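Residue strings, one per chain:
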Protein chains: 2
Amino acid sequence: MNTKPRVLIVGSMALDTIEAPGGKASNILGGAATFASLACSFFAQPVPICVVGEDFPQEHIDLLAGHGVDTSGIQRQEGKTFHWEARYLDDFDERETLDTQCNVFADFRPLLTQEQSEAHHLFLANIHPSLQLSVLDQMRGPKIVGCDTMNLWIDTEPATLRQVFSRCDILFLNDSEATLLCQARELRRAAEELSRLGPRCVVIKKGSHGAFVYYQRQVFLAPAYPLQKVIDPTGAGDAFAGAMMGYLAREGNIEPETVRKAVILGTILASFTVEGFGVDALRSLKTEEIIARYGELAEMTTFGRVTL
Amino acid sequence: MNTKPRVLIVGSMALDTIEAPGGKASNILGGAATFASLACSFFAQPVPICVVGEDFPQEHIDLLAGHGVDTSGIQRQEGKTFHWEARYLDDFDERETLDTQCNVFADFRPLLTQEQSEAHHLFLANIHPSLQLSVLDQMRGPKIVGCDTMNLWIDTEPATLRQVFSRCDILFLNDSEATLLCQARELRRAAEELSRLGPRCVVIKKGSHGAFVYYQRQVFLAPAYPLQKVIDPTGAGDAFAGAMMGYLAREGNIEPETVRKAVILGTILASFTVEGFGVDALRSLKTEEIIARYGELAEMTTFGRVTL
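Small disclaimer: the values here were computed from a predicted structure and weren't measured. Sequence order sets the numbering: in each chain, residues are counted from 1 along the sequence as written. Here chains are named by letter from A upward and ligands by number from 1 upward, in the order in which they appear as written. Note on the predicted model: pLDDT of at least 70 is required for a residue's local features to be given, and 80 or more for side-chain atom pairs to be given and counted; whole-chain, interface and lining totals, by contrast, use all residues.

### Digging into the interface of chain B and chain A
Piece 1. Counting residues at the interface gives 34 residues for chain B, matched by 35 residues for chain A.
Piece 2. Of all the secondary structure elements, the ones that give two or more residues to the side of chain B that touches chain A are α8 (187-195), β13 (218-222), α10 (256-273) and α12 (287-301) of chain B.
Piece 3. Element by element, the count of residues in the side of chain B that touches chain A is highest for α12(B), at six residues.
Piece 4. Of the residues in the side of chain B that touches chain A, the class split is 18 nonpolar, five polar and eleven charged. Note on contacts: residues are paired as contacts if their backbone-placed C-beta atoms lie within 7 Å. Put simply, DSSP marks the helices as runs of H or I at least four residues long and the strands as runs of E at least two long, and each gets a number from the N terminus on. Charged means Asp, Glu, Lys or Arg here, nonpolar means Ala, Val, Leu, Ile, Met, Phe, Trp, Tyr, Cys or Pro, and polar covers whatever is left, Gly included.

Right, here's the structure in full:
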């Protein structure tokens with residue numbers, strides 16, 4: 001029996017087709033809950049709550065189970081799995097969505113079992129904010145709630161989104177989403193503004209530029225791990241959040257020092273994620289590799305004091 | 001008599017007109033050598049080598065002299081001072097050059113006195129690479145040479161530029177310039193590629209995202225200091241380079257630990273620079289404020305070890 005603390009992860013499980021400068025991969029395992037769960041699995045027991053179709057290969061479920069993921073919350077339904085197609089441009093900072101077929105995901109209504117509702121840690125990946133609220137309503141006093149969102153909901157569901165924010169502890173969002181939500185251009189002011197909506201910790205993800213974290217009125221600047229070669233950025237943000245939530249669950253606290261370590265582990269898991277198509281690089285990742293890269297990043301950011 | 005080590009700074013001194021979201025400032029003191037000299041003055045004695053016209057106000061020379069700058073290399077010539085007009089867009093990451101009038105700067109031919117040519121530290125700000133070469137030819141064994149450039153010379157003078165790079169120790173450039181010069185998209189590979197052209201230290205400036213430094217096969221990631229309010233980004237890169245060169249001159253070595261501290265001081269001076277139009281924020285800057293911000297940045301980037 002797995003005695004690791006559980007982290008409920010509510011979001012999409014998908015079959016993606018990705019074009020990037022280095023090649024193309026068709027119908028590969030994707031979805032926010034997938035990336036978050038695999039990254040989380042190094043620190044805690046992820047319990048993804050999601051829906052897949054009849055076409056979803058059993059080997060993907062087996063892959064997750066092999067990483068210690070509790071797969072009992074993955075519902076298989078009649079129809080096809082959520083499918084997403086995208087193309088990354090040369091600099092990876094921009095992508096074009098070529099096709100989105102919601103399929104069974106269109107009717108996704110997360111229903112928690114009693115055991116699931118008692119989890120202490122919850123990550124609400126990017127889904128409709130009213131579904132995020134319905135999950136929050138089912139939970140019985142979670143200790144740490146993280147949530148992600150996207151520009152679509154910022155534009156179309158601002159009021160519902162604010163309700164979600166007011167009930168979460170950690171808000172994950174991209175820098176472009178932060179500036180869409182806030183008056184302030186500067187991330188420092190944007191993060192302060194966002195924290196007033198409820199979340200005690202605001203994590204602004206900046207892709208290859210790292211993350212800006214605001215917690216207890218303190219700023220923490222986490223660089224991205226500098227890679228030799230990026231293959232496919234899909235899932236980096238979800239892996240970041242999954243790892244961070246997993247480490248916080250493992251440590252059982254949300255002290256500033258723990259949050260900083262969790263953020264760096266998020267950055268490290270994101271760095272591995274983008275080194276392969278889909279979940280390729282996470283498949284065979286070892287804890288020792290995570291530790292090694294963590295140490296490298298510590299070395300790359302250290303500097304001594306000055307006297308003038 | 002000033003006994004600080006001297007840093008020769010060859011570049012433009014200008015009168016700028018800047019439009020930014022927060023306002024407009026006309027005919028204010030600008031130019032790469034100006035920003036670099038003021039930033040450098042906190043650590044060493046800057047000796048700007050540049051040319052100004054008859055319209056250049058004496059109060060600007062006095063301001064520099066008041067900061068300990070050796071103004072003897074500022075030649076005043078018949079005609080008007082180099083004038084540059086630019087407009088920053090809302091996100092500050094893009095700017096439009098509205099007007100460039102080279103005026104006396106068009107015929108700028110830096111000629112060093114014997115004393116100047118014996119300086120141990122040289123910063124070649126962005127000027128035509130053939131002028132950068134002519135300065136290098138006049139120097140008598142400088143210990144540390146830093147150089148900056150711009151996309152124009154990368155496009156039009158690639159061969160001359162490579163000669164400059166082969167003779168400098170520290171290369172400063174923007175991320176967009178790095179990717180213009182290199183095959184590699186990833187900064188880590190771009191920096192390796194650039195270091196093979198000669199410079200032992202490659203500093204890739206990323207604006208509000210900080211700097212990526214490659215030195216002795218090691219990566220150093222320097223975040224930008226997170227500001228509440230950016231006013232005018234003009235001169236940030238020059239202040240960065242001036243401060244870095246100044247601190248290296250002050251310490252008299254180019255050990256990795258010294259380089260890291262110099263980079264962070266560069267980042268700090270750049271952060272102050274952008275908080276006002278032109279040199280406004282540098283005018284009254286105190287060493288204590290630099291030290292305080294340095295300490296804050298150290299605090300914002302620290303994280304502990306993990307065991308998994």
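### Observations regarding the sheet that holds strand β12 (residues 211-215) of chain B
Residues and elements named next belong to chain B.
Piece 1. Here, any two strands with at least 2 DSSP bridges between them count as paired. Strand order in the open sheet formed by nine strands is β5-β4-β1-β8-β9-β10-β11-β12-β13, and the pairing between neighbours is mixed. In this open sheet, the two edge strands, each paired with only one partner strand, are β5 (74-76) and β13. With direction set aside, neighbouring strand axes in the sheet form an average angle of 15°.
Piece 2. Strand direction decides the pairing type here: strand β9 (residues 144-147) and strand β10 (residues 170-174), joined by two bridges, are parallel. Within the sheet, the bridge partner assigned to Gly-146 lies in β10 and is Ile-170. Fitted lines through C-alpha atoms serve as axes, helices being fitted only where they are in contact, and the angles separating the N-to-C directions of these axes extend from 0 to 180 degrees.

### Some points on the pairing of strand β3 (residues 23-30) of chain B
All names here are of chain B.
Piece 1. Pairing of strand β2 (residues 14-20) with β3 involves six bridges; the strand directions are antiparallel. In the sheet register, Ala-20 faces β3, and the bridge partner there is Gly-23.
Piece 2. If you look at the hairpin formed by β2 and β3, you'll find two residues sitting between the two strands.

### Quick notes on the environment of Asp169(A)
Piece 1. Summarising the element assignment, Asp169(A) is placed in the loop between α6 (158-166) and β10 (170-174).
Piece 2. Overall, Asp169(A) belongs to the partly exposed group, with 19 C-beta atoms counted inside 10 Å. To sort residues by burial, count the other C-beta atoms lying within 10 Å of each one's C-beta; a count of 20 or more means buried, 12 or fewer means exposed, and anything in between means partly exposed. C-beta atoms are built from the backbone.

### So, the relation of the copies chain B and chain A
Piece 1. Structural alignment of chain B on chain A gives an RMSD of 0.0 Å, achieved by rotating through 180° and translating 0.0 Å along the axis. Viewed as a symmetry operation, the transformation between the two copies matches a two-fold axis. The C-alpha atom lying nearest the rotation axis in chain B is that of His209(B); the distance is 3.1 Å.
Piece 2. Comparing interface residues between copies, 100% of those in chain B also sit at the interface in chain A, which points to an isologous, same-surface contact. The least-squares superposition of copies is restricted to C-alpha atoms, and to residues with a pLDDT of at least 70 in both copies.

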